[in-house]
Amino acid sequence: MMSGAGSFLAGCSSSTTPESKSKNGEPVGPGGLPMARPDRRVKMPLWEDPIDSGLEPETGGTFTVFNYPAYLYKKLLKEFGEKYNVDVQYTAFDNISSGIQRLASGAVTPDVMEMTPDNLSRAVAGKLIKPLNLDYIPNLSKNVWPDLVSPFYDVGSRYTVPYTIYATGIFWRADKVKEDIASMSQPWDIFWQADAYKGKTALLSEERETIGMALLRKGHNDINTEDPKLIDAAVADLKELYDVCNIKVDDIQYQSVPEGNSWLHQAWSGDPIAAYIYYLPKGTPPTALAYWKADKGQVPVQNDCWSICATTKKPVLSHLWLNYLLDNGIAYSNFVDFNGYQPPINEIDPATLVKKGIVPENLQSAVLTNEDLGSDSLQYGTLTARGQQLWQDGYSDFLAAG
Amino acid sequence: MYRRWLWPGFALPGILWLILLFVVPAYAVVAVGFGTVDPVLLQPVPLWNPADWNTGWLVEVLHRLQPGGTFFGVAVRTIVYVGVALVLSLLVGYPVAYYIARHAGRTKNLLLVLIILPLWISYLMRMLAWVNLLAIDGYVNRFLTYTHVLSEPRDWLGGQSSTVILALVYGYIPYLILPLYAALDRIDRSHLEAARDLGASPWATFRTVTLPLSKAGILGGAVLITLPMFGDYYTPNIVSGAPTTSMLGNQIDFYFHYGGQPTIGAAITVVLAIFLTVLMAYYMWTIHRAARDVPAV
């Protein structure tokens, strides 16, 4: 099923009344765009034509990359700059939401930026990112996993190309945590049984991941629900963790777990790999690290993307940047030499990574494949304005610990 | 004409600075708090004209600040943390300032430099240094277990209120000591000698002369450190990370930086500002009264 985008223009106004439903009563996201789900594919509307094919890349001056801090290998930036004779500048944002806010306010004028599928419709409706001409990005169809060549959230890859892929699970110190988490009937329960690990237990500092985990624990697989009762119940469950283990929230699990500052942490699958490659102290064996993720259909799988910003003065070069990141060698180097977060590239498979020693055998489950995607997979998607408010207020309630 | 405007003209840079970097930004926060949100970009849309103001967000925040509301607990916790940190800062800072002003002699300047020295390093870096010092196997635990103050290492970074309060004290205490020192240093020694000549004991002299005359310094220092403490969010983030030790500043940070309701963040800021204005008004009134009473001393 592919949804259209009939009410797109309505969403481009500066109305201050959030529209949560289309004319036919279907819930819609920002700008009146349909909300993509793995089983509901959405083709984004074009707000302008892509650039023509066959143009020469712009050279000279500055090329600005807007991304999370330390989420890209700086050597690759330098190489790209030398290849096309531009000075590549890396500008960081704290989180994707504040990044989009800064872009929308004109506080930054980057050429390319990291994007997430759940924020895509906002960026498109706000005309913050440009449509792509895939003629400049042959590596997309050549190297990328089949399910992400034309993903459900951006059918035809009109605005994005994928960057990294990760699942949400549990990352723990096997030498400190006694329970066999992977064998538990509901492994998420470990957080509610972590009284022995007080002060050493943490959740991701992300509203969707935190509340979503509490929903999954209770068997609610609709992680995009906007039912206030379900969200309130999930928040109430999370609040039990204050007394159980004085739960913490942060996003530094790739470092805190291997260094032993945290023993039990909700984590993305890229974290144990990054932890093993970069942060495991000398003398600590790789078997001290353990990772679990649920089976397909019960595990949230996300991917990050790249887009070209509407502010770019170098649209051709921006396309070449997207193609550059999908080059087999570049993507692999970014993954194993710096990032730890896996690119969805055909050449990278779990068995090879284990064989090469990039990933230890006990962390093999942290490597994903195209089979982890599909219409029956779970992914945090765009919410209506009302839904977003519900999730945000719920998380605020949890953070306030009142 | 020239003479009439010459001296007031010296205040012009300060006035411009205040308007550009305080009045305008403060009004912008108010305009956002009483504004709306762009439904597509989730950007705040400030309403500059008070006639257009939307009071919904402020009412929402006030509602949540009531007992039983989601912000009540974090507001009480913030007031307690700041109150305890202020008392501890005074207990540590007053004797230090008193010693420097009264007894340091030739080492006075050196001690003042040492008080200011930590400010040469960014607040963030100082707090991160404490994260290493306070780790389970850090130097603080090693020292305390070596000296048998603790029988086993304490998990200082495991989400403890005491760690957050001590970090606040550590981070802000220089700003308390400096105005306190200035106030104590300004006290005319003849007042103290007069008290002693009239038979007052050292303690009575301190209680009835030194302490009242340093009240402006105490209040000035207290205002200087409590204002930023109330809005602090990075200290609990760095040394704790647990929601049970979060402060009101964490809620402001969350609503401003994570998603579609920056207006809530702005409205909390407005409420906090009104609360702090009351404290400031008390300080101003005390200063005014102290100035009025000086001739009577």
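Along each chain, numbering runs from 1 in the same order as the chain's sequence is written. Naming scheme: in the order in which they are written, chains are lettered from A and ligands are numbered from 1. Selection of residues for local features in this predicted model requires a pLDDT of at least 70, selection of side-chain atom pairs for listing and counting requires 80 or more, and totals for whole chains, interfaces and linings are taken over all residues.

1. Digging into the overall build of chain B
To qualify as a helix, a DSSP run of H or I must reach at least 4 residues; to qualify as a strand, a run of E must reach at least 2; elements of each kind are numbered from the N terminus. From N to C terminus, chain B includes 14 helices and two strands. C-alpha atoms of chain B, sized along the principal axes, occupy 75 × 75 × 35 Å. Around each residue's C-beta, the other C-beta atoms within 10 Å are counted; 20 or more make the residue buried, 12 or fewer make it exposed, and counts in between make it partly exposed. All C-beta atoms are placed from the backbone. Classification of the 297 residues of chain B by burial places 35% in the buried group. Contacts in chain B between residues far apart in sequence, at least 24 positions, make up 66% of those at least 6 positions apart. Here the contact rule is simple: place C-beta atoms from the backbone, and any two residues whose C-beta atoms are within 7 Å are in contact.

2. Concerning the pairing of strand 11 (residues 289-292) of chain A
All names here are of chain A. Side chains Leu289 and Tyr291 project from strand 11 onto one buried face, and the interleaved Ala290 and Trp292 project onto a second face that is buried too. In the sheet, strand 7 (residues 161-173) pairs with strand 11 via four bridges, with the strands oriented antiparallel. Across the sheet, the residue bridging to Arg173 is Leu289, located in strand 11. Strands are treated as partners if at least two bridges between them are detected by DSSP.

3. Topic: the interface of chain A and chain B
Across the contact, 41 residues belong to chain A and 30 residues belong to chain B. Going through the elements one at a time, helix 3 (96-105), helix 4 (117-125), strand 9 (248-250) and helix 14 (385-400) of chain A are the ones with two or more residues in the side of chain A that touches chain B. Of the residues contributing to the side of chain A that touches chain B, the split by class is 13 nonpolar, 19 polar and nine charged. Side-chain classes follow a simple rule in which Ala, Val, Leu, Ile, Met, Phe, Trp, Tyr, Cys and Pro form the nonpolar group, Asp, Glu, Lys and Arg form the charged group, and the remainder, Gly included, forms the polar group.

4. Notes on the nonpolar core
Within the largest apolar cluster, 171 residues are counted, with the highest numbers of intra-cluster contacts made by Val112 of chain A together with Leu168 and Leu180 of chain B. Per-element accounting of this core gives the leading share, 15 residues, to helix 8 (residues 161-186) of chain B. Contacts of Leu180 of chain B, omitting those with residues within four sequence positions, involve Gly93, Tyr94, Ala97, Ser214, Gly217, Ile218 and Gly221 of chain B. Connectivity within a nonpolar core runs through C-beta atoms within 7 Å, and the core itself is a set of buried Ala, Val, Leu, Ile, Met, Phe, Trp, Tyr and Cys residues.

5. Considering the domain arrangement of chain A
Residues and elements named next belong to chain A. All domain edges in this entry derive from an automatic or database-based domain assignment. When cut into domains, chain A gives domain 1 (42-165 + 301-372) and domain 2 (166-299). Distance between the C-alpha centres of domain 1 and domain 2: 27 Å. Taken together, the contact between domain 1 and domain 2 spans 16 residues of the former and 19 residues of the latter. Elements with a minimum of two residues in the side of domain 1 that touches domain 2: strand 7 and strand 12 (301-309). Its residues assigned to classes, the side of domain 1 that touches domain 2 comprises nine nonpolar, six polar and one charged.

6. Digging into the environment of Val42 of chain A
One can find Val42 of chain A in strand 2 (residues 41-42). A tally of 26 C-beta atoms within 10 Å means that Val42 of chain A is categorised as buried.

7. With respect to the domain arrangement of chain B
Residues and elements named next belong to chain B. As far as domains go, chain B holds domain 1 (1-70 + 264-297) and domain 2 (73-258). One C-alpha centre belongs to domain 1, the other to domain 2, and the line joining them spans 26 Å. Contacts between domain 1 and domain 2 engage 14 residues on the former and 15 residues on the latter. If you tally residues by element for the side of domain 1 that touches domain 2, the top one is helix 14 (residues 262-293), at 12 residues. Its residues assigned to classes, the side of domain 1 that touches domain 2 shows 11 nonpolar, three polar and no charged.

8. Looking at unusual backbone geometry
At Lys127 of chain A, a position not held by glycine, the phi torsion is positive, near 55°. Within the chain, His148 of chain B stands out as a residue other than glycine whose phi angle is a positive 65°. Looking at where His148 of chain B falls in the secondary structure, it is placed in the loop between helix 7 (139-146) and helix 8.

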